[in-house]
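Notes for the structure review
Given next are the chains, with one letter for each unit.
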Amino acid sequence: MVERSAPVGVMDSGVGGLSVLGEIQRLLPAESLLYVADCGHVPYGEKSADYIRQRCRHIAGFFREQGAKAMVLACNTATVAAVADLRELYPDWPLVGMEPAVKPAAAATRSGVVGVLATTGTLQSAKFAALLDRFASDVQVVTQPCPGLVELIETGDLGSPVLRQLLFGYVQPLLDAGCDTVILGCTHYPFLRPLLAEMVPQHVAIIDTGAAVARQLERLLAARGLLAEGPAREAAFWSSAEPASLQAILPLLFNRPGSVQAFAL
Ligand code: DGL
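Please read these numbers as outputs of a predicted model, since none were measured by experiment. (Residues numbered from 1 in each chain as written. Predicted model: local features only at pLDDT ≥ 70, side-chain atom pairs only at ≥ 80, totals over all residues. Heavy atoms only, no water.)

1. Some details on the environment of Gln140
The condition is simple: Where helices and strands are cited, they refer to DSSP runs of H or I of at least four residues and of E of at least two residues respectively, numbered from the N terminus.
Following the sequence through the fold, Gln140 ends up in strand S6 (residues 140-145). Residues Gln140 and Gly178 lie 38 residues apart in sequence; the distance between their C-alpha atoms is 9.8 Å.

2. Structural notes on the site of the ligand
For clarity, the threshold we go by: In these notes, residues near a molecule or strand are those with any non-hydrogen atom within 4 Å of it. Two N or O atoms form a polar contact when they lie within 3.5 Å of each other; inside protein one atom must be a possible hydrogen donor and the other a possible acceptor, and for residues adjacent in sequence the pair counts only when both atoms belong to side chains. For every accessible area listed, the method is Shrake-Rupley and the probe measures 1.4 Å; residues are considered covered only by the protein chains on display. We call Asp, Glu, Lys and Arg charged. Ala, Val, Leu, Ile, Met, Phe, Trp, Tyr, Cys and Pro are nonpolar, and the rest, Gly among them, are polar.
Inspection of the region around the ligand gives 14 residues, with Ser13, Tyr44, Gly45, Asn76 and Thr77 positioned closest. The backbone of Tyr44 places a nitrogen or oxygen atom 2.6 Å from an oxygen atom of the ligand. Within the side chain of His188, an N or O atom sits 2.8 Å from a nitrogen atom of the ligand. Against a free-state accessible area of 300 Å², the protein chains account for coverage of 99% of the ligand. Per-class residue counts for the shell around the ligand are 6 nonpolar, 7 polar and 1 charged.

3. As for the environment of Leu221
The test is simple: Each residue is placed in one exposure class: buried if its accessible area under a 1.4 Å probe, protein chains only, is under 20% of its type's maximum, exposed if it is over 50%, and partly exposed if it falls in between. Contacts between residues were defined by any pair of non-hydrogen atoms, one from each residue, lying within 4.5 Å.
Tracing the backbone through its elements, the reader meets Leu221 in helix H10 (residues 210-223). Judged by its relative accessible area of 0%, Leu221 falls in the buried class. Separated by 133 residues in the primary sequence, Leu221 and Glu88 place their C-alpha atoms 19 Å from one another. Ignoring any residue separated from it by four or fewer positions in sequence, one finds Leu221 in contact with Val8, Glu31, Lys69, Ala70, Leu226 and Leu227.

Below, the structure written as structure tokens:
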């Protein structure tokens, strides 16, 4: 019998999922959260779907050992590669994946041109193509893969000249194409909102799906009578790279310190 007080496991290739973890904690403060950053294998965006599936199986197995009542794939790239596989493996386990916010963007755009910043893996996937077919047939979608961005965000230095320059090179073509809505299709990118605000005109909306993922988790847990009543235990963190690196940047990306343990490769 699964307890309401059991934790929720949240994973990403690295620090990106912390943007989702923050939304979950805001919406569901009674939930105890486990976070695995697969920093020893980042970036997922340039790896094969098969490789990512193996990583996700490994991490899902770990969450199950920890007694997690649900899992959140706080990573668009991991979702396109692995969510179907995990659902098949664990059909009764609530699993939340995420996808770029194409539907809300298509509804919001007034220029009729929407931009998507995401990883190569996400943009090349059949799942993303299906998303466009389903929700974006009436708008023009300009996609922009962003190699190199995730690695720079992983350092925690969110204002470096090299990051600024790389981001500018990815954003400007979207603005030149007339986008008035830009989708952040990778969970690392919400950390770039302050920089993006300097680069895009005010009328351009920037959207991500972190809050929607938290709401979906709430729905799945509520439907099974598994919403925690609290009090929550402190969030627990693991990294498959040097734990000290994640520990050092947690206060910056998660607004509070936490202790990080080593996650076996
Ligand atoms: N944060 C991930 C995403 O949402 C992937 C980043 C990466 O490892 O390439 O797509």
